[in-house]
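# Fold and geometry: a report
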Amino acid sequence: MLHPVPGSTGAAPPLLSLEDFTVAFAQGAGRTRVVHGIDLTLQRGEALGIVGESGCGKSVTWLAALRLLGKRAVTTGRVLLNGRDLSGFSERELADVRGGRIGLIFQDPTSCLNPILRIGTQIGEALRLHRGLTGKAAEREALRLLDRVGIADAPRRLRQHAHELSGGMNQRVMIAIALAGEPDVLVADEPTTALDATIQAQILDLIRDIRRDTGMGLVLISHDLGVIADLCDRVAVMYAGRVVETAATQDLLGSPRHPYTRGLLAALPSLEGPRVRLTPVGGTVPSPDAMPPGCAFAPRCAYAEAHCGNGIPVLQPAGTGHLSACRRLDALMGEWQRQAAREAGRHDPVVQDLDWPNRDRQRELSA
Amino acid sequence: MTPLLNVRDLACRYRVTGKRGETHWLHAVDGVNFTLDAGRTLGVVGESGCGKSTTAKLVLGLQPASRGRITFAGEPVSATRDSHWRAMRRRMQMVHQDPLAALDRRLTVGEQVIEPLIIHGLKGGPQTPRERALALFDAVGLRAAMFERYPHELSGGQRQRVVLARALVLDPELVVCDEPISALDVSVAAQVINLLQDLQGRFGMAYLFISHDLKVVRQIADEVAVMYLGRIVEQGAPDDLFHTPAHPYTEALVSAIPTVGQRDRKRIVLAGDPPNPVDRPAGCAFHPRCPRATAICRSEVPPLRPVAEGRLAACHLVPAVSARSAAA
Amino acid sequence: MTGFILRRLAQLIPVLLIASFAIWAMIFAVPGGPVGMMVGENATPEEIAAATRKLGLDRPIPVQYFNWLTHAVTGDFGQSLHSRDPVTKLIGERLPATLQLALVSILVALVIGIPVAITGAVKEGSWVDRLLNGWNALALGVPTFWLGILLILLFSVELRWLPSASRYVPLWEDPNQALRSLILPGLTLGLYVSGILARFLKASLVSEARADYVRTARAKGVSERQIVGHHIMQNALLPFITIVGLMVANFIGGAVVTEAVFTYPGLGRLLIQAISTRDYPLIQGCIVVILVIYMAISLIVDILYAVIDPRIEYR
């Protein structure tokens, strides 16, 4: 599959794009900005992963873009769906988009379903709003949807309530509700975080299957790079309200070009390879009302130099379809490439690159 | 040498009332055996409802077992809250998932680290309680300036460090960690994992490390037990167990973990949910979801037995080795 | 469902037994006991002995209680000491009046309270919300006797639209006349309770509005109007039912002040009169009736709850 370079003018306009999108929360008299101008595009049928730690703005961005955060969230910039700006839409127009063109699923499926309404009623609501189906036709379609998301014994499940189903089944119901509007894109906000490992595998497989059948696009928001790597064509890494790196998944995992991404990968324990001591990223994420000047990651960055504190780094090309927002990008890329060349004998690029901090240390020792 | 912790045939069941008022038994833990040597780490993994957290509470004597025997440093552990229980609690501590819930928001974190010393009336040694607490602050990587802060003024990672300092202030021999890093972000989680390893190297306590995260358990444990529906289904050294799982459940669990490394790995996706512990399937509890189940799996409970050197598995399909060939 | 109701009824029996014993034993708290009350302070020993025998007080205590209970179950609480009428007859005259007033009052409270709560919740934090909060505070803060008097002054004395003293007219006999009598006391009680209901329902709506399933409804494209009416309201109504039940129960015996202001012939006033004249059989009868109504309402609330909330099993 081809991944157009973000920002390039391809033949087809992107399905969904954010342009200079910001989110701030009203707090007392003032506002605290939590998302600081994001540009992202999603091509038709593409799967985009958004990864980052809590508070980086990965969920807030998409919820605010669809005005799901209430009046306290103030946004600027544009949200384009098929070239039309959603921020100019009325509530009624936006309601047609939500659950229609864009389906959403969330983290805790059981609390996301209305506790006192039957599963069938909740699917039926989406069918009525977006497909105009009622009565027998709606019931037939709801049964088909439950079957599609792999729920056995669908006629009985339609009459049940969320508390009678397991978490995994409720997430399948949420997916069925999202599919009811035949969306062009599914925005999935930590869809498997609350689920057990074997259930998570089921849900990831289901989403993959549905995408294969329908060509539906996917925005997968997760803290888990493993989950993102499993489903996504392209990844955007967010830190402190900004995108710091974006690239095709294999490219980003194989040769990360931002110190934060490299830090995240080195901090992950793994099931494979030799057991080595983890290399954590020191310090903690800055709070939105106490952001450091310049690059927000600089205070935690092993490669930071004095000038990293001056001015916000912008995303710049770091390879084919690869962007990274680091002021020391050129210098570091040379360094990392030399390392990679030296280690070319190793076949697994991920493990190879994951070892980078250790190798730095070895080099220092041998020098 | 006797092990620090010896758990034999441990079971815990709850009475639950059914829809028509009839009584059922929920077997949360159903015949668990393991030992843990001083200074070592046993990881317990499994999905929610497998009984791993109940096992932790039973080991600490926080709730009574319905069957079985727990021996800690040669002495039996009971859930009767007498002086013996309190004396034993000093030597075994617990660290939870949510550090904010574990801390009292009205007290400074410093006071909370000193508190166990005062409760247990410990003044012995050359250090004052405050000096001892400050030394532990240093050990867990907290600056002394944090001593006067309140829990809500700290980050998640710092709070978990406070909880660790409080657990270690009494110099315990065993620390039971129940999902200690699940609530933490990736970069901070790595800090705490390293810290747990450093502290063990320095103070020499044993960890009973409960987690749903196989990668974290592999990182930290000397031995791993995989639980399913209240029983251990496989046990062994982490690398052996995760790289060449013997039990089909372990195999599926390992393959279910999405990793950044191997994208096109064949994944075993189990059908359905884990069964309700109230109506545990006959025979091997895993057989309804097992891709390889045969007739015997539906009728007979497989015992946990040696299947290779240092490895136990409870599966009819894995040939057992005799004790002699295992030793050879 | 039937089994659930029967089980709940069975659970009420011990409560009723304990309460009835306490109510019965109350008679012994009187100076001179029940006999002294009957024969007066200057009675001769013969009179006392006769009264004792007549009241059955020479028999063992369990037998006495059992006799009282068997009578009470059949609705016989004896005679009023004051008027010598059967207690059942006195209560029977007042009970329909009380129920009628309670009905009108709770309707007034709901009609005012629910829209106030919904508007306040939807416009939370706006000037409308603050205005409505002020209105609630006023409804709660104005003493009912004062509000009653104000209403009488305005509608009866000045405008001469409505009677100042309310009579009991059964609704089914002359609805127009009945409503004319009920409207002022109903407004007085209803307004006060609307403040309580509005505050409670608004808090419950606001907390439900933050629930995850509301975000799901929005993400499905459900309109704000339907989110409030269909999703939030139904969930917020669950705890609200309990409060409404409590308020209705409270009207049965606790509307004394309003009944007095409007000289309305309610059960509350009867009870107060009985207490002030130490009319013990009448006190016992009133309390038993109020207690039974209270329990009936809480049973109805439980049943409603179980019908509406699928998470509750009929157990």
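Please read these numbers as outputs of a predicted model, since none were measured by experiment.

### A word on the overall build of chain A
The secondary structure content of chain A amounts to 14 helices and 12 strands. Since a compact globule built from 367 residues should have a radius of gyration of about 21 Å, the 22 Å found for chain A is in line with a globular shape. Looking at chain A residue by residue over its 367 residues, the buried ones come to 51%. For chain A, the share of sequence-separated contacts (at least 6 apart) that also reach a separation of at least 24 residues comes to 63%.

### Structural notes on the overall build of chain B
Helix and strand counts for chain B come out as 12 helices and 12 strands. Since a compact globule built from 328 residues should have a radius of gyration of about 20 Å, the 21 Å found for chain B is in line with a globular shape. With respect to the principal axes defined by its C-alpha atoms, chain B has extents near 65 × 50 × 50 Å. In chain B, which comprises 328 residues, the proportion classed as buried is 47%.

### What about the interface of chain A and chain B?
The interface is formed by 38 residues belonging to chain A together with 34 residues belonging to chain B. Breaking the side of chain A that touches chain B down by element, the ones donating at least two residues are α8 (197–214), α9 (225–231), α11 (259–267) and α13 (349–354) of chain A. Counting residues per element, the side of chain A that touches chain B draws most heavily on α8(A), which supplies eight residues. Residue composition of the side of chain A that touches chain B, grouped by class: 19 nonpolar, 11 polar and eight charged.

### A word on the UniProt feature "domain: ABC transporter" (unreviewed entry) in chain A
The positions that UniProt labels "domain: ABC transporter" (unreviewed entry) are, in the present scheme, residues 16–265 of chain A. Structurally, residues 16–265 of chain A is divided into 41% helix and 28% strand, and its ends, taken at the C-alpha atoms, are 28 Å apart.

### With respect to helix α5 (residues 129–139) of chain B
Residue and element names in this part refer to chain B. The set of residues buried in α5 consists of R132, A133, L136 and F137. Looking straight down α5, one finds that the buried residues subtend no more than 145° of arc, so they occupy a single side. Seen from the open side of α5, the exposed residues pointing more than 90 degrees away from its buried face are E131 and D138. Check the buried side of α5 and you find it contacts α4 (109–119) and α6 (156–168).

### Side note on the sheet that holds strand β11 (residues 316–317) of chain A
All names here are of chain A. Read from one edge to the other, the open sheet built from eight strands follows the order β6-β7-β8-β3-β9-β10-β12-β11, with strand pairing classed as mixed. The strands lining the two open edges of the sheet, one partner per strand, are β6 (102–105) and β11. Examined bridge by bridge, strand β9 (residues 234–239) and strand β10 (residues 242–248) share six bridges and lie antiparallel to one another. When the bridges of β10 are listed, Y239 appears paired with R242. Contacting β6 and β7 (185–189), helix α7 (residues 167–180) runs over the sheet at an angle of about 170° to β6.

### What to know about the interface of chain A and chain C
Contacts between chain A and chain C engage 23 residues on the former and 19 residues on the latter. Put simply, the parts of the chain that give the side of chain A that touches chain C at least two residues each are α2 (91–97), α3 (109–112) and α4 (119–131) of chain A. Top contributing element to the side of chain A that touches chain C by residue count: α4(A), with four residues. Looking at the side of chain A that touches chain C residue by residue, the classes come out as 11 nonpolar, seven polar and five charged.

### Notes on the domain arrangement of chain A
All names here are of chain A. The assigned domain composition of chain A is domain 1 (16–232) and domain 2 (255–366). Measuring from the centre of the C-alpha atoms in domain 1 to the corresponding centre in domain 2 gives 32 Å. Looking at the side of domain 1 that touches domain 2, the element that brings in the most residues is strand β2 (residues 30–42), giving three residues.

### A look at the nonpolar core
Among the nonpolar cores identified, the biggest contains 277 residues, and A:L218, A:V219 and B:L208 are the most heavily contacted of them. Among the elements that make up this core, the one with the highest residue count is helix α5 (residues 87–122) of chain C (14 residues).

### Remarks on the pairing of strand β8 (residues 217–222) of chain A
Residues and elements named next belong to chain A. Across the six residues that make up β8, a large majority, six, are buried. Residues G217, V219 and I221 line one face of β8 and the alternating positions L218, L220 and S222 line the opposite face, and both faces are buried. Across five bridges, strand β3 (residues 47–51) lies against β8 in parallel orientation. Bridging across to β8, V51 finds its partner in S222. Note that β7 and β8 share five bridges and pair parallel. Within β8, the residue paired with A188 across the bridge is L220.

### Considering the environment of C:R210
With respect to the element layout, C:R210 can be found in the loop between α8 (175–209) and α9 (212–219). As for C:R210 and C:R311, which are separated by 101 residues in sequence, their C-alpha atoms are 20 Å apart.

### Description of unusual backbone geometry
Both trends apply: most residues other than glycine have a negative phi, and most peptide bonds are in trans. At B:E179, a residue that is not glycine, the phi angle is positive and equals roughly 50°. Note on placement: B:E179 falls in the loop between β7 (174–178) and α7 (186–203). Exposure remark for B:E179: the 19 C-beta atoms within 10 Å place this residue in the partly exposed category. Not every positive phi belongs to a glycine, and C:R84 is a case in point at roughly 65°. In this structure, C:R84 sits in the loop between α4 (61–73) and α5. We classify C:R84 as exposed; it has 7 C-beta atoms within 10 Å.

### Quick word on the sheet that holds strand β5 (residues 75–76) of chain B
All names here are of chain B. Pairing is antiparallel across the open sheet formed by four strands, whose spatial order is β2-β1-β4-β5. Because the sheet does not close on itself, it has two edges, and the strands there are β2 (23–36) and β5. Relative to the sheet, helix α1 (residues 52–59) contacts β1 (5–17), β2 and β4 (67–72), its axis offset from that of β1 by approximately 115°.

### Looking at α5(C)
With 36 residues, α5(C) extends 50 Å between its outermost C-alpha atoms, agreeing within 8% with the 52 Å of an ideal straight helix rising 1.5 Å per residue. The sharpest bend along α5(C) comes to roughly 25°, located at C:R94, with the proline C:P96 sitting one to four residues further on.

Calculation rules
Residues numbered from 1 in each chain as written. Chains lettered and ligands numbered in written order. Predicted model: local features only at pLDDT ≥ 70, side-chain atom pairs only at ≥ 80, totals over all residues. Helix = DSSP H or I, 4+ residues; strand = E, 2+ residues; numbered from the N terminus. Rg over C-alpha atoms; globule rule 2.2 N^0.38 Å. Buried ≥ 20, exposed ≤ 12 C-beta atoms within 10 Å, placed from the backbone. Contact = placed C-beta atoms within 7 Å. Nonpolar A, V, L, I, M, F, W, Y, C, P; charged D, E, K, R; others polar. UniProt positions renumbered as here; feature names shortened; annotations may be inferred. Arc of directions from axis to C-beta. Pairing = 2+ DSSP bridges. Axes fitted to C-alpha atoms, helices over the stretch in contact; angles between N-to-C directions. Domains from an automatic or database assignment. Core = buried A, V, L, I, M, F, W, Y, C linked by C-beta atoms within 7 Å. Expected span 1.5 Å × (residues − 1). Bend = angle between axes of the 7 residues up to and from the residue.

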